[in-house]
Structure formats: C-alpha cells, structure tokens
Amino acid sequence: MAAPAEKHDVFKAIADPTRREVLRLLSENERPISEIADHFDMSRTAVTKHLQILTEAELISGRKEGREKIYQLHPEPLTEVKQWLAYYEKFWGNKLAMLKHLVEDDK
C-alpha cells in the first residue's frame, strides 16, 4: 500500500512566485497542464512538481480528460492566509493614519 501524500502547508505552497502565478492562471479558468506549462520558461516536469505541491496543499485539483489532466483552483485554503494577514492589517492602518495626520498637519 502506498503511503498517503504529505499535505503541504498553504504558506509554503504560495511562497514560490511560480506557484502564485499558477494560482492566478487557474483563477481565470480551468486549464490543462500543457496550457499552464506554456506560461513558464521551464520544463513540463518542473511545472508538474509545482502543481503537485499546490495539489497537496489542496489549493488545486486535477482530473483526467482524455489524455490531458485539467486543473482547477480551490481557493478555500487561502482563507488561512487571509486570517493571518488580517491581524497585521491593524499595524498598516495605524501607519496610514499617522501619515495622514502628518500630511494634514503640514497644511
């Protein structure tokens, strides 16, 4: 029996710019691996490795259609990233409020 696939962390999966671009492409519509690979200056094998990491993080899934594998986006795991970033937005908001105050005081 094969060992279960390791689940990748969503943060690690989106850390790579190539994988973020794959997610952007799939946010537009489902795509076969050949179409995804055409967007990158790397081998199809390298693209497949990126797709595997995104699949293990449950951000995408693929289904067979004839000889091709079609991938689609599952953005739900990105909620974890959104929640993590939400905590830090208060710091950005404070900085912007201070900047606004400084700019308006100079007038």
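For the structure itself, look to the data block above.
An account of the accompanying structure is given in this report. All values derive from a computational prediction rather than experimental measurement.

1. Side note on the overall build of the chain
Per the secondary structure count, the chain includes five helices and three strands. Beginning at the N terminus, the succession of helices and strands in the chain can be written as α-α-β-α-α-β-β-α. The C-alpha radius of gyration of the chain comes to 19 Å, more than 25% above the 13 Å expected for a compact globule of 107 residues. Expressed as lengths along the three principal axes of its C-alpha atoms, the size of the chain is roughly 65 × 30 × 20 Å. With 107 residues in all, the chain has 25% of them scored as buried. When contacts within the chain are restricted to residue pairs at least 6 apart in sequence, long-range pairs at least 24 apart make up 53% of them. Accessible surface computed for the chain: about 7,800 Å², of which carbon and sulfur atoms make up 55%.

2. Re the sheet that holds strand S2 (residues 60-65)
Pairing within the open sheet is antiparallel, and its three strands lie in the order S1-S3-S2. Sheet topology places strand S1 (31-32) and S2 at the edges, where each strand pairs with a single neighbour. Relative to strand S3 (residues 68-73), S1 is paired through two bridges, and the arrangement is antiparallel. The residue of S3 that forms the bridge with Arg-31 is Tyr-71.

3. Concerning the pairing of S3
Here S2 pairs with S3 via six bridges, running antiparallel. Following the sheet pairing, Ile-60 is matched in S3 by Leu-73. Joining the antiparallel neighbours S2 and S3 is a turn of two residues, in which Gly-66 adopts a positive phi near 65 degrees.

4. Comments concerning helix H4 (residues 44-56)
Along an α-helix, a turn takes 3.6 residues, which lines up residues three or four apart on a common side. For H4, built from 13 residues, the straight-helix expectation of 18 Å at 1.5 Å per residue is met to within 8% by its first-to-last C-alpha distance of 18 Å. The complete set of buried residues in H4 reads Val-47, His-50, Leu-51, Leu-54 and Glu-56. The secondary structure elements touched by the buried residues of H4 are helix H1 (10-14), helix H2 (17-28), helix H3 (33-38), S2 and S3. Glu-58, located one to two residues past H4, shows a positive phi value of around 65 degrees.

5. Topic: the packing of aromatic side chains
For the structure shown, the criterion picks out three aromatic pairs. Seen in terms of ring centroids, Trp-84 and Tyr-88 are 4.9 Å apart; in terms of plane orientation they differ by 50 degrees. Their pairing is tilted. One end of the pair, Trp-84, and the other, Tyr-88, are both in helix H5 (residues 78-106), four residues apart, so they sit about a helical turn from each other. Ring plane angle 85 degrees and centroid distance 4.9 Å describe the contact between Tyr-87 and Tyr-88, whose orientation is recorded as edge-to-face. Classification of Tyr-87 by relative accessible area gives partly exposed; the value is 46%.

Rules used in this analysis
Residues numbered from 1 in each chain as written. Predicted model: local features only at pLDDT ≥ 70, side-chain atom pairs only at ≥ 80, totals over all residues. Heavy atoms only, no water. Helix = DSSP H or I, 4+ residues; strand = E, 2+ residues; numbered from the N terminus. Rg over C-alpha atoms; globule rule 2.2 N^0.38 Å. Buried < 20%, exposed > 50% of the residue type's maximum accessible area, 1.4 Å probe, protein only. Contact = heavy atoms within 4.5 Å. Areas by Shrake-Rupley, 256 points an atom, 1.4 Å probe, with all protein chains shown as cover. Pairing = 2+ DSSP bridges. Expected span 1.5 Å × (residues − 1). Phe/Tyr/Trp six-rings, centres within 6.5 Å; stacked < 30°, edge-to-face > 60°.

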